[in-house]
Amino acid sequence: MKKKTNTEKPKIEQELTGESVVTGWGLGKAYFVGRAVQQQETSVVTISREAVGGEIIRFNEIRDRARKDYRKLIQDLDSESTVDASILDVYEHILDDPSFIGQVVETISAKMYDLETSIRMVSNDFIKRFESAGTAYLKERASDMVEVCEKLVSYLHCGEDGSRTKTFVDSVVLVVLRTFTPTDILSYDRSKISAVITVSGGKTSHAAILARSYNIPVISGVRNISDHINPNDEILVDSDKGTVYVYPNPRLVDAYRKKTHGEEIYRELRSKWNRPVYTRDGIKIEVLANISLPEDVEEAVQNGADGIGLVRTEYLLSNRKDMPTEEAHMAYYDSILSKGRGKHCTIRLMDIGGDKIPQFFDMPQEFNPFMGWRAIRIFLERKEIFETQVLAILKAGQGYDYSIMVPMVTTLQEWIEAKAFIREVAAKAGMPMPRCGVLFEVPLATLEINMFMKEIDFASIGTNDLIQYLSAADRNNSKVNYLYNPVEPAFLRIIRNAIKIANDNGKPLSICGEMAGHPLHTVLLVGLGLRRFSVMPRSIPLIKEIIANISFAEAAESISHIDVIESMEEMLEWLKNLNLRLLGDVLKRIPYIESSV
């Protein structure tokens, strides 16, 4: 028998690339996790007819054990306010899915395969069906199936309790040779996980949501990982760029150390800015938070949010088998409003459609769902959905300072009809009409914003979709996302006009897209006249620090000649010089944090 030799790879720097799923940097030793559930050929183990009954009993036992394990994880997560515990609930649904159970039992009984073979074969079949689905949401659910499969199989090879919990002495980079799942994080000492590299796993997967909650950077889609990385290799992950460095050079390691120092600065700023902020010449600027979960409100308050500028209520649709009831809506809004400590809260009606299609919702097949039947267009046709959400907001909002915002409004007539319906629901319930506003993200509505002024109480600009529609460029498409740039001169002129019209009419206007949360854009937006930012909670103290170091009048004067700048390249150079002139070294002291909506 030949003895396998292990030739150690030379310790020279290698650079691998992938897709950034959760931004950030991480440094540690490579630690390999799990095996690939999706394989070209599944290893088949057969059993005798007499063993069939025992395998089926064993299947029921490990399903029950997995269910208890997930429930314990959920209970443990309840005390951690930054994590959405409900992302684990979906696994219980899979464990109890009659189709999944029936197919595994049939594979054991009819083909006489052992339990592991049967679980893997049935899971592979589910995964293929999810991945061939027409929506990004269903494709992401393939990772849920991987999670449950690996969890069940783990009980067949581990201790009596199925535990794989492991602690580490030093920081590690988890290397996942299959789809990344939540258990890959929850089974290890999270304080020692500096980053994750995985074969596959998208930004909307449950694992990504969990990693983001723990500020663990993730890079997906790294090819041939085993050909380039060995266990215990030193790995530096720069997920801001989607790059993995194997045996990074000292210069990169030093850059990482400086990045870590930035976290200390961030904590200092968070402590400093738990209060309102004013420019140097005394103009108050509100910095609000964009949130999805009740737990996000606590993080927003801790980071000094002056209020909640955007509640993404699509969260209510996650992991559900049917549309949420009025009671479910009310519990969600009450939890958010009660945690807000009396601060104003803007609740956006559900933006169903695009990439936010619930698995239970009967959507028509659309060639371009982002510009199809979504948001207000659905509400005006399916008014029973509209009424349930509005009524729940009205009831939960009693005694709180809140307002309602409607997304994807295109025409004034559309808005007037929506507003009239909200008034009708309020009158029927015997409640006062709340303040109502429009999220301007459709170019046609934004260009005609002056027509809306008499009919709205406030406005917000969703720069993410607005830029996408104006440039006809999908920001998630690497082939065309170079066209997606918020400092394009034509786009800035549209933003400037919208802010001016709102200010002239005395209507509050916020910007709640990524542009507002980017520190390099703060001076520019203040100069354009913006007095209300709405950003991810973590960006709040950074934006406030910049605002406190600039003069409102000086910023406005500095952008007075913006109309003469013709190209994006010129605009970028001008913006760089503007920040240097008005802020000096302030930006150098601020840790750069990417924001998202």
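Computed from a predicted structure; not experimentally measured. (Residues numbered from 1 in each chain as written. Predicted model: local features only at pLDDT ≥ 70, side-chain atom pairs only at ≥ 80, totals over all residues. Heavy atoms only, no water.)

**Q** Please explain the overall build of the protein chain as it appears in this structure.
**A** Looking only at helices and strands, the protein chain features 24 helices and 17 strands. Taking all 597 residues of the protein chain together, 54% fall into the buried category. Accessible surface for the protein chain amounts to roughly 26,800 Å². Of this, 50% is attributable to carbon and sulfur atoms. (Helix = DSSP H or I, 4+ residues; strand = E, 2+ residues; numbered from the N terminus. Buried < 20%, exposed > 50% of the residue type's maximum accessible area, 1.4 Å probe, protein only. Areas by Shrake-Rupley, 256 points an atom, 1.4 Å probe, with all protein chains shown as cover.)

**Q** Would you explain the packing of helix H3 (residues 98-111) against helix H4 (residues 115-131) in this entry?
**A** Relative placement of two packed helices is described by the angle separating their axes and the distance separating the axes. Between H3 and H4, the shortest axis-to-axis distance is 9 Å and the interhelical angle comes to 135 degrees. Judged on the interaxial angle alone, H4 and H3 are oblique. Relative to H4, H3 is oriented so that their crossing is right-handed. For the pair formed by H3 and H4, the contact residues are Ser99, Phe100, Gln103, Val104, Thr107 and Ile108 on the first element and Leu115, Ser118, Ile119, Val122, Ser123, Asp125, Phe126 and Arg129 on the second. For the contact of H3 with H4, the class distribution of residues is seven nonpolar, five polar and two charged. (Axes fitted to C-alpha atoms, helices over the stretch in contact; angles between N-to-C directions. Parallel < 35°, antiparallel > 145°, perpendicular 65-115°, else oblique. Left-handed = near helix turned anticlockwise from the far one by under 90°. Contact = heavy atoms within 4.5 Å. Nonpolar A, V, L, I, M, F, W, Y, C, P; charged D, E, K, R; others polar.)

**Q** What should I look at first to understand helix H14 (residues 383-396) in this one?
**A** End to end, H14 covers 20 Å across 14 residues, agreeing with the expected 20 Å (1.5 Å per residue, within 8%). When H14 is considered as a whole, its buried residues turn out to be Ile385, Phe386, Gln389, Val390, Leu391, Ala392, Ile393, Leu394 and Ala396. Contacts from the buried residues of H14 go to helix H12 (326-339), strand E12 (345-348), helix H13 (376-379), strand E13 (402-406) and helix H15 (412-429). (Expected span 1.5 Å × (residues − 1).)

**Q** What should I look at first to understand the sheet that holds strand E7 (residues 234-238) in this one?
**A** The eight strands are arranged E1-E8-E7-E3-E4-E5-E6-E2 in an open sheet whose pairing can be described as mixed. Edge positions in the open sheet fall to strand E1 (14-17) and strand E2 (19-22), since each of these has one partner strand only. Here the average twist between neighbouring strands, direction ignored, is 30 degrees. Both strand E3 (residues 25-33) and E7 contribute to a ladder of five bridges, which runs antiparallel. Across the sheet, Trp25 pairs through a bridge with Asp238, a residue of E7. (Pairing = 2+ DSSP bridges.)

**Q** What exactly am I supposed to notice about the pattern of salt bridges here?
**A** Following the criterion strictly, the structure yields 23 salt bridges and no others. The salt bridge partner of Lys339 is Glu298, with a shortest N-O separation of 2.8 Å. Taken as a pair, Lys339 in helix H12 and Glu298 in helix H11 (residues 294-302) lie far apart in primary sequence, 41 residues in all. In this structure Lys339 comes out as partly exposed when scored by relative accessible area, which is 28%. (Salt bridge = Lys/Arg side-chain N within 4 Å of Asp/Glu carboxyl O.)

**Q** In this structure, what is going on with the side chain of Glu414? I would like to understand it.
**A** Along the polypeptide, Glu414 turns up in helix H15. We note that Glu414 is buried and unpaired, the nearest opposite charge coming from Arg377 at a distance of 4.4 Å. Leaving out residues up to four positions away in the same chain, Glu414 has contacts with Ile376, Arg377, Leu380, Met408 and Val409. (Lys, Arg positive; Asp, Glu negative; His and termini not counted.)

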